[in-house]
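Remarks on the overall topology
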Amino acid sequence: MTTPIPRDIPLPLPAPEGFLEILLIVSFLIHILFVHLMVGGSLFSLVCQIRGLKSPDYEKLAYRIMQTVTVNKSLAVVMGVAPLLVINTLYAPQFYASSALIGDMWMAVIPLVTVAFLLAYAHKFWWNHFINIPELHIGIAALETGLFLFIPLIFMTNVNLMLFPEYWPQVKGFFSAMLLPNVLQRYLHFISATILFSSLFFVWWSGRKSFQDEVGFSRLRVISVRRFFYAFAFGATVFQILTGLVVFASLPPQGMSWGFTLLLMLGGLLVLPAMWWMWQNLTYPSHLLDDRVKEITTCFVCAAIIMGIARHDYRENALADHKSAIAEKTANYQAAVKDAGEQAQLTAITQESQTLVPGESAFNLNCAACHHPTLTTVGPALQEIKEIYANNPAGIAAWTKAPGKKRPDTMKMPGFSQLSDDELTAISQYLLSH
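Below is a short write-up of the structure. If you're wondering where the values come from, they're calculated on a predicted model, not measured in any experiment.

Another aspect to go through is the overall build of the chain. From N to C terminus, the chain includes 17 helices and zero strands. Relative to the compact-globule value of 22 Å for 434 residues, the chain shows a C-alpha radius of gyration of 37 Å, a clear excess of over 25%. A burial count over the chain gives 43% of its 434 residues as buried. Here the analysis covers contacts within the chain between residues at least 6 apart in sequence; of these, 76% occur between residues at least 24 apart. When the accessible surface of the chain is summed, it comes to about 22900 Å², and 67% of that surface belongs to carbon and sulfur atoms. On the chain, the mean spot of the 28 positive side-chain charges and the mean spot of the 28 negative ones are 13 Å from each other.

Written as structure tokens, this is what we have:
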């Protein structure tokens, strides 16, 4: 299969490339954190609301969780601008091509996000309007959650397609790109990360001193709520390790490196103590909670940072050859454009010289810059020269070969030793005849 090599627009980067790469990693991690909290919050709100049909406490919990979703979705959108701009800057040919190949669905992101946000607002702000029709309310929450789960799949399909230009010729739209190797595995890995980070967020959120008063739960009930989220966090961690191994095994080899592998292993090791602390929280007596949420969160944040660096390392490795090929093609194109321009200019000069009368071309090249037809500029006007040397072309040629200074207020004319006698005679005859 022939890999398409598009030509780049040779514009300088707005900042050093290393700085942009760091900005991409940092801004993406911040953005994806709020995406996880938005999607996970919507998912947990839906789950709790369904359980709330039998247990009113979960209905209260679902409502409180929904309060966080609209805040986190706004931050997810705002924080997503920077990584989107930077990835467009650093990988313009690849990102443009992959976006165009799934163009219909890529453009559908905007209306889908709009609908999802409107559903989230309806779910949150009309909570009391649906008290007597909870099935409809849950249906709205399910649709909202479904959209929040689907939109990241579009982004993931796009960035995955960007990494592998060799697949571009066979892609026929979004669903074709979605079925390429590695996409669905990465998406399951993303979903597990969403449940993990949102669970940890709600463990912290429900551990605040004010939470018990906000929901009106007893202390034991709050502990059971926190253990509920710990259970999801632990299960999501196990699932993420398994899906992570599947993703690693299915990654195309062109992005692999020892650095990438070691970073993944280091990130995985950081998760182990967090799993141990979470397991302790799940197995403690029901009225106790060891907690350590700060230590657990720190482990996962460090692991996420390392994974973010590894992700960028894989992307750079995967696209290294393609970027080099694009740079070479762009340089060759620029050289061809320059050669074509010079050839066109030479052809124009040749054609012009062929149409000129004898002496005109040499006059334009050597004399016209200083001698205006009727005005004195650097040198005297041509009209004056013609009057002085009327019918005496040899006089002009002799003066040109050994010029002097006739006027105190003008500069001395330079010599033109490079011109032959025939050229000087032709110039003189042309000058006197026009």
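That was the structure; now back to the text.
This part covers the packing of aromatic side chains. For the coordinates displayed, the defined rule picks out 27 aromatic pairs. Between F202 and W205 the ring centres are 5.3 Å apart and the planes differ by 75 degrees, which places this aromatic pair in the edge-to-face class. Of the two residues, F202 and W205 are both situated in helix 9 (residues 183-205); the distance of three residues between them amounts to about one turn of the helix. Each member of the pair, F202 together with W205, is buried. Judged by centre distance (5.1 Å) and plane angle (70 degrees), the rings of F228 and F232 are edge-to-face. Placement of the pair is F228 and F232 together in helix 11 (residues 219-250), with a separation of four residues, close to one helical turn. F232 sits in the partly exposed class, given a relative accessible area of 32%. Of the aromatic side chains, those joined through ring pairs into one cluster are F44, Y58, F201, F202, W204, W205, F211, F217, F228, F229 and F232.

Counting across every chain of the model gives zero disulfides. There is no disulfide at C299, and the cysteine sulfur nearest it, in C302, is 7.0 Å away.

Here we take up the nonpolar core. Within the largest apolar cluster, 95 residues are counted, with the highest numbers of intra-cluster contacts made by L61, I65, F148, F229, M278, I296 and F300. With residues up to four places along the chain from it excluded, the contact list for M278 reads L200, Y230, A233, F234, T237, I296 and F300. One finds C367, Y389, I396 and L431 within the second-largest nonpolar core, a separate group that totals 14 residues.

Direction vectors running N to C along helix 2 (residues 56-79) and helix 11 enclose 60 degrees, while the axes themselves pass 13 Å from each other. Taken as a pair, helix 2 and helix 11 cross one another with a handedness that is right-handed. Residues D57, Y58, L61 and I65 of helix 2 touch helix 11, and the partners they reach there are R221, V225, F228 and F229. The class makeup of the residues in the contact of helix 2 with helix 11 is six nonpolar, no polar and two charged.

What follows covers the environment of M79. Summarising the element assignment, M79 is placed in helix 2. Spatially, the C-alpha atom of M79 lies 31 Å from that of A249, the residues being 170 residues apart in sequence. Setting aside residues up to four positions removed in sequence, M79 forms contacts with S27, I30, H31 and F34.

It is worth spelling out the side chain of N158 at this point. Mapped onto the secondary structure, N158 falls in helix 7 (residues 134-163). Setting aside chain neighbours within four positions, we find N158 in contact with F95, S98, S99, I102 and W106.

Enumeration according to the criterion identifies five salt bridges in this entry. When the shortest N-O distance is used, the salt bridge between R221 and D57 registers 2.9 Å. Note that R221 is positioned in helix 11 and D57 in helix 2, a separation of 164 residues in sequence. On the basis of relative accessibility, which here comes to 24%, the residue R221 falls in the partly exposed class. When salt bridges that share partners are traced, they join E17, E316 and K323 into one network.

Turning our attention to helix 2. An ideal rise of 1.5 Å per residue puts 34 Å on 24 residues; helix 2 measures up with 35 Å between its terminal C-alpha atoms. The complete set of buried residues in helix 2 reads Y58, L61, A62, I65, M66, T68, V69, T70, N72, K73 and A76. Structurally, helix 2 contributes buried residues whose contacts are with helix 1 (17-51), helix 6 (109-125), helix 7, helix 9, helix 10 (211-215) and helix 11.

On to a nonpolar patch on the surface. Taken together, the side chains of I22, V26, I30, V71, L75, V78 and M79 present a nonpolar region at the surface, about 560 Å² in accessible area. Of all the elements in the fold, those that place two or more residues in the nonpolar patch are helix 1 and helix 2. The element contributing the most residues to the nonpolar patch is helix 2, with four residues. Positionally, V78 belongs in helix 2.

Here the focus is the packing of helix 2 against helix 3 (residues 81-90). The geometry of helix 2 relative to helix 3 is characterised by a closest axis approach of 4 Å and an angle of 25 degrees between their N-to-C directions. Taken together, the axis directions place helix 2 and helix 3 in an arrangement best described as roughly parallel. Residue-level inspection shows V77, V78 and M79 of helix 2 in contact with helix 3, the latter providing V81, A82 and P83. Within the contact of helix 2 with helix 3, the residues separate by chemical class into six nonpolar, no polar and no charged.

Our next topic: the side chain of H36. Mapped onto the secondary structure, H36 falls in helix 1. For H36, a relative accessible area of 6% gives the class buried. Reaching out from H36, the side chain makes a polar contact with the side chain of T194 at a distance of 2.8 Å. What H36 contacts, discounting residues up to four positions off in sequence, is G41, F190, A193, T194, F197 and S198.

Analysis parameters
- Residues numbered from 1 in each chain as written.
- Predicted model: local features only at pLDDT ≥ 70, side-chain atom pairs only at ≥ 80, totals over all residues.
- Heavy atoms only, no water.
- Helix = DSSP H or I, 4+ residues; strand = E, 2+ residues; numbered from the N terminus.
- Rg over C-alpha atoms; globule rule 2.2 N^0.38 Å.
- Buried < 20%, exposed > 50% of the residue type's maximum accessible area, 1.4 Å probe, protein only.
- Contact = heavy atoms within 4.5 Å.
- Areas by Shrake-Rupley, 256 points an atom, 1.4 Å probe, with all protein chains shown as cover.
- Lys, Arg positive; Asp, Glu negative; His and termini not counted.
- Charge placed at Lys NZ, Arg CZ, Asp CG, Glu CD.
- Phe/Tyr/Trp six-rings, centres within 6.5 Å; stacked < 30°, edge-to-face > 60°.
- Disulfide = S-S within 2.5 Å.
- Core = buried A, V, L, I, M, F, W, Y, C linked by side-chain atoms within 4.5 Å.
- Axes fitted to C-alpha atoms, helices over the stretch in contact; angles between N-to-C directions.
- Left-handed = near helix turned anticlockwise from the far one by under 90°.
- Nonpolar A, V, L, I, M, F, W, Y, C, P; charged D, E, K, R; others polar.
- Salt bridge = Lys/Arg side-chain N within 4 Å of Asp/Glu carboxyl O.
- Expected span 1.5 Å × (residues − 1).
- Patch = residues over 30% accessible without salt bridge, like charges linked within 9 Å, V, L, I, M, F, W, Y side chains within 5 Å.
- Parallel < 35°, antiparallel > 145°, perpendicular 65-115°, else oblique.
- Polar contact = N/O pair within 3.5 Å; in protein donor to acceptor, adjacent residues only side chain to side chain.

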